[in-house]
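Summary of the model geometry
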Amino acid sequence: MLTLRQCSDSIHQVDSFCTVTGGEIVRFLAFAFVLYSLLICSTAGANDFPTQARVEYVFKCMNSHGGQTYETLYSCVCVIDKIAEKIAYDEYVEADVFSQLRSTPGERGGVFRDPDRASLLVDKIFEITEGAENSCFVGLGAKSAN
Amino acid sequence: MFKRIVAIISVSLALIVPVTSGANSELMQLMNNPNNWAIWGGDYAGTRYSKLSQINSSNVGKMQVAWTFSTGVLRGHEGGPLVVGETLYVHTPFPNKVFAINLNDQSIIWRYEPKQDPDTIPVMCCDTVYRGLAYADGKIFLQQADTHLVALDAKTGKMIWRIKNGDPKSGSTNTNAPVVIKDKVITGISGGEFGVHGFLAAYNTKDGSLAWKGFSTGPDSMTLIDPKKTTHLGKPVGANSGTNTWKGDQWKIGGGTTWGWYTYDPALNLVYYGTGNPSTWNPVVRPGDNRWSMTIFARDLDTGMAKWVYQMTPHDEWDYDGINEMILADIKVKGKDRKVLVHFDRNGFGYTLDRVTGELLVAEKYDPAVNWATHVDMKTGRPAVVAKYSTHQNGEDTNTQNVCPAALGSKDQQPAAFSPRTGLFYVPTNHVCMDYEPFEVEYVAGQPYVGATLSMFPAGRVTGDGTNHLGNFIAWDASEGKIVWSLPEQFSVWSGALATAGDVVFYGTLEGYLKAVDAKTGKELYKFKTPSGIIGNVNTWSFKGKQYVGVLSGIGGWAGIGMAAGLEGDTDGLGAVGAYKSLDKYTQLGGVMTVFALPD
């Protein structure tokens, strides 16, 4: 369900600045589908984020990007959907714990800073989030609001 | 004549008995009624077991969040709420606020926020945690971080008395939950990283005056050890056992702090607890066994005198504090009914001792990765240390590699649970190893006195089994010293467990999940993601015929999304102004207590 919507979304964006014939559309759709399969579906995670996780992310994201407006809502929904495509939920949660708890003071914090897997996952989630934010216009709304 | 004497004695006994034998009779009654959760461990034995069974292994999967309460404090939330009748009492990390919550409508009846010197924060080694309150005789006892022990009126929150238990300027702080037994409130001290001289203290509940104080190290007059009567594995310890295994005056800054949990056996009138690491961490500069750091103590409640001691890790070289909880249970060991004390030490061994005599019955590894010692010698009680993992033998400025467990132990303070129905202990554990390098430090009061650098990693890197998880949740047979089942957890489990008569075991994870598993098989039955990592203890109670399960989430630096007081206007939540005034009556930003129940 979600996958279909995302595929059609990407076509919409292209559609809006192209005037094309029926044949071209069919060819384009076929091309887009192949492209989608190669670029997105092949690297996709399980797209298994629970609703609660998506909603929490969206609220947190809105709060840190200028508050609750439709602009931030759209951007943040876009980001979490993209993150969910790229990483399985359990791995995302693990990465989140490492990144949240790196700054835990004292001896205890070491267990979140020292393991190799900690840096690996923190870097991974950072890259995915950065990529998603760039393509979802995150922050533009907040800037224009100033 | 003889008859008259007997009669007099009987009358005297009758007069004395109600005062001395009933270990705070009101509190005992509250603990016996499973509708309450009146003490940190559910009972004096620290079993963390509830007789409630409305939520059970066949319906726990249907649990829902019933209500939440945000504490308004960030930082790590350890411990759990107390429930007495219609009131729930919950505490926070520094500044150690206390809330009394009316269970009828979850409104705040009163709140108490102590003014504490913020200079206390830098001398707290491991986040500004606090593990909870004690209730007795219509009073709530609060052990503040700055060492003030406070008695509050449980109905109004008004302060009744306040005393000082230590000096933060010299590195003393408190993180422990006090415990009330008879007319005394028992508390300890933190600050082993600052060379604090550890002790257990009993204050009179009436006015806060000191009844006794037993130090972990020092001459017999300070340790309250009788050289002839106090035993170590059945043998009298001899004179000044608290000084003669230390070099010179080192025992004065010897650590042996007491920041864990305290349990009590009313029949034996003994209080049980463990002492922490000797200071400094660097073992090279403090030769000897460093008695009685890393020790299980059994002290007489009335006098504080030590009946028996058992040192688990003589001459600690790894910071394996012995402070973890002592769970009291009556189980069969080698076919014989025994009154035992079960203790999962940071050093990775699960100990079963006879709690009457201090006899060592079982000492086995509760994480197979443990490698610093091969076994515990059952005659001497000493661990057989493996030379290549001895940070002392390797010396200063040598990096001792691949030691298991890491300094935070196979288990830290988060208390385990015991179910008399299954006879099993449910233990939240770490599965972490370390590289450890001691270096030379000088002691300055109020400054960290650590002297070691360490680096931590998953135990799988040492065992070579290809795993990378950092924790396990296990079921343990304390009669045999065997793991019955073990659930790998991606992160160390720092949440206290709860076992119930519904044959469900609950615990929290650092991802923020509250999990319910089958007490017999370990099968996962339920999980729910709370707003932040869980390092609190799961507690349960019943109100108006409905069973509830509650746990604090919130861990240093991670506050979830901080939206408890409504999704907008978050920053106003604390100030309680304008439109948020009514909201503030119900909720505070920060760590969150999540309360679960079955739907109607």
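This report concerns the structure included in the present document. (Residues numbered from 1 in each chain as written. Chains lettered and ligands numbered in written order. Predicted model: local features only at pLDDT ≥ 70, side-chain atom pairs only at ≥ 80, totals over all residues. Heavy atoms only, no water.)

Observations regarding unusual backbone geometry
Residue B:Trp292 follows B:Arg291 across a cis peptide bond; omega there is -5°. Within the fold, B:Trp292 resides in the loop between strand E19 (270–274) and strand E20 (295–300). Here the amide bond leading from B:Cys404 into B:Pro405 is cis, since omega sits at 0°, within 30 degrees of zero. Structurally, B:Pro405 is set in the loop between strand E28 (400–403) and strand E29 (417–419). The backbone phi angle of A:Asn47 is positive, close to 50°, even though this residue is not glycine. The topology assignment puts A:Asn47 in the loop between helix H2 (22–39) and helix H3 (51–64). Here A:Asn47 falls in the partly exposed class, since its relative accessible area comes to 23%. Not every positive phi belongs to a glycine, and B:Arg48 is a case in point at roughly 50°. Note on placement: B:Arg48 falls in the loop between helix H2 (25–32) and strand E1 (49–50). Residue classification places B:Arg48 among the buried positions, given a relative accessible area of 0%. (Helix = DSSP H or I, 4+ residues; strand = E, 2+ residues; numbered from the N terminus. Buried < 20%, exposed > 50% of the residue type's maximum accessible area, 1.4 Å probe, protein only.)

Describing the pattern of salt bridges
Tallying each qualifying case throughout the model produces 23 salt bridges over all chains. One salt bridge in this structure joins A:Asp81 and A:Arg54, with 2.7 Å as the shortest N-O distance. Of this pair, A:Asp81 sits in helix H4 (residues 70–86) while A:Arg54 sits in helix H3, placing them 27 residues apart in sequence. Classification of A:Asp81 by relative accessible area gives buried; the value is 10%. Across the pair B:Asp265 and B:Arg355 runs a salt bridge, and its minimum N-O distance is 2.7 Å. Taken together, the residues B:Asp265 in strand E18 (residues 263–265) and B:Arg355 in the loop between strand E24 (349–354) and strand E25 (360–365) connect sequence positions 90 residues apart. No difference in accessibility class separates B:Asp265 from B:Arg355, as the two residues are buried. Taken together, the shared-partner salt bridges in this structure form one network comprising B:Asp319, B:Asp321, B:Arg346 and B:Asp412. (Salt bridge = Lys/Arg side-chain N within 4 Å of Asp/Glu carboxyl O.)

Side note on the state of the cysteines
All names here are of chain A. Evaluation of the coordinates by the stated rule reveals three disulfides over all chains. Cys-78 shares a disulfide with Cys-136; S-S distance 1.9 Å. Because the sign of the S-S torsion sets the handedness, a value of about -70° for the bond joining Cys-78 and Cys-136 places this disulfide among the left-handed ones. Taken as a pair, Cys-78 in helix H4 and Cys-136 in the loop between helix H7 (116–135) and helix H8 (140–145) lie far apart in primary sequence, 58 residues in all. Along chain A, the cysteines engaged in disulfide bonds are linked according to the scheme 1-2, 3-4 when indexed in sequence order. (Disulfide = S-S within 2.5 Å.)

Focus on H2(B)
Residues and elements named next belong to chain B. Within H2, burial applies to Leu-27, Leu-30 and Met-31. Looking straight down H2, one finds its buried side chains confined to an arc of 100°; they lie on one side. Away from its buried face by more than 90 degrees, H2 exposes Gln-29 and Asn-32. Lining the buried residues of H2 we find strand E4 (82–84), strand E8 (134–136) and strand E12 (179–181). (Arc of directions from axis to C-beta. Contact = heavy atoms within 4.5 Å.)

Some remarks on the sheet that holds strand E23 (residues 336–344) of chain B
Residue and element names in this part refer to chain B. Strand order in the open sheet formed by four strands is E22-E23-E24-E25, with antiparallel pairing between adjacent strands. If you trace the sheet from one side to the other, it starts and ends with strand E22 (326–333) and E25, each paired once. The average angle at which neighbouring strand axes cross in this sheet is 25°, direction not considered. Relative to E24, E23 is paired through five bridges, and the arrangement is antiparallel. By the bridge assignment, His-343 is partnered in E24 with Tyr-351. (Pairing = 2+ DSSP bridges. Axes fitted to C-alpha atoms, helices over the stretch in contact; angles between N-to-C directions.)

As for the environment of B:Val362
Residue and element names in this part refer to chain B. With respect to the helices and strands, Val-362 occurs in strand E25. Taking the relative accessible area as the measure of exposure, Val-362 reaches 4% and is therefore buried. Along the primary structure Val-362 and Glu-480 are separated by 118 residues, whereas in three dimensions their C-alpha atoms are 7.2 Å apart. Here Val-362 is in contact with Val-333, Gly-350, Tyr-351, Thr-352, Met-378, Ala-478, Ser-479, Glu-480 and Gly-481, once residues within four sequence places are set aside.

Remember, this is a structural readout, not a statement about activity or role.
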